[in-house]
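# Notes for the structure review
The primary structure of each chain is shown beneath.
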Amino acid sequence: MKSLQLILFILFTLLFTACDDKKKNSNEVSKYKNITIITIAPNFDKAITGPIRKEIKEFEDRTGVKVRVVSPSWDDMIGKIKESFTDKKINYDVFVVFSSWGGSLLANGHAAEIPDWVKKEIDWEDILPIYKNKVLSWNKKYYFLPYDGDCINLYYRKDIFENEEYKNRFKNEYGYDLDIPKTWAEYKDIAQFFNAWDWDNDGKIEYGFAESRKKGYGTMFEFFAKAAAYAKYPDKKEFYFDSNMNPKINNPAFLKALTQYINIMKYAPPQVANFEPANVRQSFIGGDVAMILDWADAGAMTQNSKESIVKNKVGYAKLPGSNSVYNSDTMTWDVRYNAPSSISGNWVLVVNKNAVNKEAAFKFAAYMTSKKMTSKYVPIGWSGINPSRYSHLETSNLELWENNNFSKESAKEYLNVISESLTNKNSVADIRIPVADLYYDAFDKYLNKAIKKEISPKEALDLTAKEWNEITQKLGLDKQIKLYKESLNE
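Residues numbered from 1 in each chain as written. Predicted model: local features only at pLDDT ≥ 70, side-chain atom pairs only at ≥ 80, totals over all residues. Heavy atoms only, no water.

One open sheet accounts for 5 strands, arranged 2-1-3-14-6; its pairing is mixed. Looking along the sheet, the strands with just one partner apiece sit at the ends: strand 2 (66-70) and strand 6 (145-148). Ignoring which end each strand starts from, the neighbouring axes of this sheet average 25 degrees apart. The pairing of strand 3 (residues 94-98) with strand 14 (residues 347-351) spans 5 bridges and is classified as antiparallel. (Pairing = 2+ DSSP bridges. Helix = DSSP H or I, 4+ residues; strand = E, 2+ residues; numbered from the N terminus. Axes fitted to C-alpha atoms, helices over the stretch in contact; angles between N-to-C directions.)

Structure representation (structure tokens):
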């Protein structure tokens, strides 16, 4: 009898809850009926905007809000956003943006601060502190909702590294054990060792490593990820500039990093100068290289891409470091191990402060950046959505990862390495001040010339520093100093 009563109670509770949820959804539909919001998001093949397009219908059915997505190309995104600031006929309710573009939104007063009810809907306490402090906030206030949490790491052929014959040969040649590289010097040695021979016995020549070198965002950020070991001093927030906006880009640390960055290219595939992130990933999942640097997308694609021949053969590791780091205050090299993380990248959703339907815009932004939604896409390589939450890195239940072709072992290793990188107190993030794109474009231009050997590394960095100073002076030194400190939450 008691069992029957318990069953009836559970059924009644479930029915009541279902009716309550249906009533709540019905009320939402009534509240937001006939409202249309416009979202601007980049026109990639699938990444970033793909999940948004897939989830719109369910959101519209749940809320009654109609969502229209405008998708310019990557190159046109910044221009379109800036155009909307001055043209009253253009009003985007939600911006899907690279975190480095955030300063332009804030400097122009177009970013709405996140209200408490939205924080509750997206499980704010689940978000990792590194993103709250370095990506989602500005002047200690929160304006950006976490969609994609970027983190650059090292991926290597675990099966090849563990080959006993190769381990013996490596030790004979270099005098130490073949292992995950702890420094960029070791990374160079390993790239050299595995370069230009058939180490997987497939009848084709393989290479030591692959990284992005084509002019564009991947190349810049991978360079800064490597330079951090020499140039990002522990316990100091500044990296690109000092506190007075003087560029650090041409100091001895960046020069050392750029010289190595160019010299090591001889241990990559011959066409590496034209590699962008997609080429880097393809070269690894196709078995052509022993190591790559990339965002977390690569780790997922090695397991769930149909083209991958390296499934369950991949090792994951934090970025290598350096045994000395440049102290720009004393202008000396300090002998100490330094291995910062890099969280360059990151896609966020921002609600327009001047949105006509701001509440509906926040509803959609919260829906796409929620714990439930982002957790659905982080195991999928094509989504472009990488871990940004404690729950994303949880290893006690790996069902989602196994459903996306990860073995339990691979999923745990992958998530543990990302977790290590994201709990590192020493890390580099993006330039976020207004016109960050101009600073980046200037560096990208001269970096590309150095990669092509049209100018020397020193010339590239000196020209960058000169142009950065000109940009700062044109915008106003005092203004840029103020905004730079605000971007660092000082």
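Text resumes after the structure shown.
Before going further, it helps to examine the pairing of strand 2. On any regular strand, side chains alternate: one points to one face of the sheet, the next to the other face. A one-sided burial pattern is seen for strand 2, the buried positions being Val67 and Val69 and the unburied ones Lys66, Arg68 and Val70. Of the pairings in the sheet, the one linking strand 1 (residues 36-40) to strand 2 comprises 5 bridges and is parallel in character. Within strand 2, the position partnered with Ile38 by the bridge is Arg68. Note that the unit made of strand 1, helix 2 (residues 49-63) and strand 2 has a crossover that is right-handed. (Buried < 20%, exposed > 50% of the residue type's maximum accessible area, 1.4 Å probe, protein only. Right-handed = clockwise from strand over helix to strand, strands pointing away.)

Inspection of every chain in the model, using the stated rule, returns 3 cavities of 30 Å³ or more. Approximately 80 Å³ is the volume attributed to the largest cavity. Every residue along the wall of the largest cavity is listed here: Ile78, Ile81, Lys82, Phe85, Val97, Trp101, Ser104, Leu105 and Asp437. When residues of the lining of the largest cavity are traced back to their parent elements, those giving at least two are helix 3 (74-86) and helix 4 (102-107). The biggest single contributor to the lining of the largest cavity is helix 3, with 4 residues. Partitioned by chemical class, the residues of the lining of the largest cavity number 6 nonpolar, 1 polar and 2 charged. (1 Å grid on protein atoms, 1.4 Å probe; cavity = no way out; pocket = protein on both sides within 12 Å on 5 of 7 lines; lining within 4 Å. Points joined across faces, edges and corners; volume = space filled by probe spheres on them. Nonpolar A, V, L, I, M, F, W, Y, C, P; charged D, E, K, R; others polar.)

Let us now look at the nonpolar core. Formed by 162 residues in total, the largest nonpolar core has its most connected members in Tyr131, Phe194, Phe224, Met291 and Tyr414. Considering each element in turn, this core owes the most residues, 10 residues, to helix 10 (residues 217-231). Every residue in contact with Tyr414, bar those within four places of it in the chain, is listed here: Tyr155, Ala296, Gly299, Ala300, Tyr316, Trp401 and Phe406. (Core = buried A, V, L, I, M, F, W, Y, C linked by side-chain atoms within 4.5 Å. Contact = heavy atoms within 4.5 Å.)

What follows is about the environment of Ile418. Its location among the elements puts Ile418 in helix 17 (residues 408-422). Among the residues examined, Ile418 registers a relative accessible area of 3% and is labelled buried. For the pair formed by Ile418 and Pro379, sequence separation is 39 residues and the distance between their alpha carbons is 13 Å. Beyond its immediate stretch of four places on either side in the chain, Ile418 contacts Asn153, Ala296, Pro387 and Leu393.

A few words now on the sheet that holds strand 9 (residues 289-294). Strands sit in the order 8-9-7-10 across an open sheet of 4 strands; the sheet is mixed. Unpaired on one side and paired on the other, strand 8 (207-210) and strand 10 (314-317) mark the two borders of the sheet. With strand direction ignored, the average angle separating the axes of adjacent strands in the sheet is 20 degrees. As paired elements, strand 7 (residues 153-157) and strand 9 share 4 bridges and run antiparallel to each other. Bridge assignment links Tyr155 to a residue of strand 9, and that residue is Ile292.

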